[in-house]
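Fold and contact review
As a plain string of letters, each chain reads:
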Amino acid sequence: MSTPKKAIVIGAGIGGIATATYLSKAGYEVELYEQHAKPGGRAGLHQAEGFSFDTGPSWYLMPEVFEHFFALCNTTTAAQLDVVRLDPAYKVFFENGAPITIGADQVENQAKFEITEPGAGKQLRRYTAQASLLYKLSMKHFLYTNFQSIRGIFSLEVLRNAPKFLRLLGRSFDQEVSHYFTHPHLKMILEYSSVFLGASPYKTPALYTLMGALDFDQGVYYPRGGIYKLIEKMAKLSEEAGVTYHYSSTVKKIITQAGHVTGIQLASGKSASADLVISNADLHHTETAMLPSAQQSYPEAYWDKKVSGPSALLLYLGVKGKLPELAHHDLLFVDSWRENFEAIYETKTIPNPASLYISKTTETEPELAPKGHEALVVLVPLPAGVTLTAKMQKNLESQTISQIERMAGITDLTSRIVYKHTMGPADFKAQFQSWQYSMLGPGHTLKQTAIFRTQNYSKKVKNLYYVGGSTIPGVGMPMCLISAELVYKRIVDDKSNGPISHIKFDEKAST
Ligand SMILES: Cc1cc2nc3c(=O)[nH]c(=O)nc-3n(C[C@H](O)[C@H](O)[C@H](O)COP(=O)(O)OP(=O)(O)OC[C@H]3O[C@@H](n4cnc5c(N)ncnc54)[C@H](O)[C@@H]3O)c2cc1C
């Protein structure tokens, strides 16, 4: 009689949960070890005094990727979540000049661009058309691939568009945006998405202008109840698929024998054997702390040459009274736009004032705060590798709140804060063993994109794989879901380049 092979997944981040689900459906016996008491990782939940905050992600972009995950679990987004399209999608405040609200209607957005810069309405149409083409080609040929087959990558469709791709490879995100627009406010609106990539628009390849297809073309969505609802549903589907979860179980070591993975050892001293191990933990930590140096494919010296995405200070604020000045998503952009990116990515200094982001989920769901209150999450990007002393953090907090008062015109915000919780660089290290205290993982520079990004398997230990934001295709919830599909494909030896249509039983899943 055949017995199922055993797979261990380390970490219940979005990538770990999805990988565990796929492998269980493919016939493996899957055990997942998570150091915290609940799933989600960076996509966490903080609840206190009647306020409910998603601790990490708040933008639900690329809805088709979530739909695809649910389809592979034989269900649909609609059956699992109540996802609504936000309109307005987001509001942008500047130091000088009126705020600009981006909505769901393209024609209205074009008119707003036209008011700011004559001709920019038409340019926005051209820009988003190119972004949408790049996005579609990337989804079809470059995102759902482990680059194991050259054939799909050099398909007719890709070759036909090769001149476009090559032109974009030779320039930065900022250069491409500047080719279409001159007004600094419009350029900021189109460039802010590079922050989602953990990189500066001055260093990110122009190929990533495909991000313009997300907020402008596809739209910005929100699952009612918050992002954590998605995590809860994913964990439930995964358990239904047969995955066994072990919470509050920190993995200390990956055990190997003769170049093969054989299991894991927990901090408690217990160990568990496995035929496959897939780590969703920070990849720098997995490689440099869980494996002996002889077994490390990516030792410390490898990371010395890599570029980390930014860290952040996050403020979770309960505010008394309503804040009609703010939309669900708000971006505060400062005039020293370029200097901000240089401070974060080059000089590694804390920008002042900093461009920052505010999420106000109570705009869409007032019930996430006590009656007559708002729940805000403020994100201030910080350089990777920098920690804050208690005094620095306190100063940065009050500087940030004063900046919101000034830029969003909420003059009495300080006095209305009734609840505050914070998360800073040291928390990213303590809670996620994050390399360089990063909130995201390695940034998407050209040298850390696609085939150049750290791959999803160990080159030294057979049957040891990686999933999540540190590996391919990259950071962000949709990318981490795709990452799970890529690791599944690698394990079952599926070399195709596009999304798979179903999880198939793996012949190798039993002995
Ligand atoms: C502040 C912030 C805002 C963001 N905003 C967005 C957004 O708006 N939209 C978006 O799409 N994305 C956003 N992201 C990015 C997104 O949250 C991440 O890319 C994604 O959630 C990472 O998933 P992951 O699979 O890499 O796992 P992670 O979330 O990194 O989870 C890894 C898991 O492994 C566990 N683990 C680690 N080490 C061990 C160990 N030794 N033993 C056991 N368990 C271990 C951890 O506890 C954790 O649960 C944001 C991130 C942050 C931090």
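In this report, the structure presented in the accompanying data block is examined. (Residues numbered from 1 in each chain as written. Predicted model: local features only at pLDDT ≥ 70, side-chain atom pairs only at ≥ 80, totals over all residues.)

1. Observations regarding the overall build of the protein chain
Each helix and strand counted, the protein chain has 19 helices and 19 strands in total. In terms of overall size, the protein chain behaves like a compact globule, its C-alpha atoms giving a radius of gyration of 22 Å where 511 residues would be expected to give roughly 24 Å. If one aligns the C-alpha atoms of the protein chain with their principal axes, the spans along those axes are about 70 × 55 × 45 Å. Within the span of the protein chain, comprising 511 residues, buried residues form 51% of the whole. (Helix = DSSP H or I, 4+ residues; strand = E, 2+ residues; numbered from the N terminus. Rg over C-alpha atoms; globule rule 2.2 N^0.38 Å. Buried ≥ 20, exposed ≤ 12 C-beta atoms within 10 Å, placed from the backbone.)

2. Some points on the site of the ligand
Near the ligand you find 36 residues, and of these Gly11, Gly13, Gly15, Gly41 and Gly468 are the closest. Those elements that place two or more of their residues in the shell around the ligand are α1 (14–25), β14 (311–320) and α19 (477–491). (Near = placed C-beta within 6 Å.)

3. Side note on the sheet that holds strand β2 (residues 29–33)
Reading across from one edge, β9-β2-β1-β13-β19 is the order of the five strands in this open sheet, with parallel pairing throughout. Every interior strand has two partners, whereas the edge strands, β9 (244–246) and β19 (464–466), have only one. Strand-to-strand twist of the sheet, defined as the mean angle between neighbouring strand axes without regard to direction, takes the value 20 degrees. Bridge count for β2 against β9 is three bridges, and the pairing is parallel. Counted as the bridge partner of Leu32 is Tyr245 from β9. Here α1 sits on the sheet and contacts β1 (6–10), β2 and β13 (276–279); the angle it forms with β2, its principal contact strand, is near 165 degrees. (Pairing = 2+ DSSP bridges. Axes fitted to C-alpha atoms, helices over the stretch in contact; angles between N-to-C directions. Contact = placed C-beta atoms within 7 Å.)

4. Observations concerning the pairing of strand β3 (residues 45–48)
Where β3 lies against strand β4 (residues 51–54), four bridges are found, and the strand directions are antiparallel. In the sheet register, Gln47 faces β4, and the bridge partner there is Ser52. The antiparallel hairpin formed by β3 and β4 contains two residues in its connecting segment, where Glu49 sits at a positive phi of about 50 degrees.

5. Focus on the packing of α1 against α19
Orientation of α1 relative to α19, taken along the N-to-C sense of each, is 35 degrees, at an axis distance of 8 Å. Seen from above, α1 lies across α19 with right-handed handedness. In contact with Ile14, Gly15, Ala18, Thr19, Tyr22 and Leu23 of α1, α19 contributes Met477, Cys480, Leu481, Ser483, Ala484, Val487 and Tyr488. Looking at the contact of α1 with α19 residue by residue, the classes come out as ten nonpolar, three polar and no charged. (Left-handed = near helix turned anticlockwise from the far one by under 90°. Nonpolar A, V, L, I, M, F, W, Y, C, P; charged D, E, K, R; others polar.)

6. Structural notes on the pairing of β2
Where β1 lies against β2, five bridges are found, and the strand directions are parallel. Directly across from Ile10, in β2, lies its bridge partner Tyr33. With α1 bridging β1 and its parallel neighbour β2, the resulting β-α-β unit is right-handed. (Right-handed = clockwise from strand over helix to strand, strands pointing away.)

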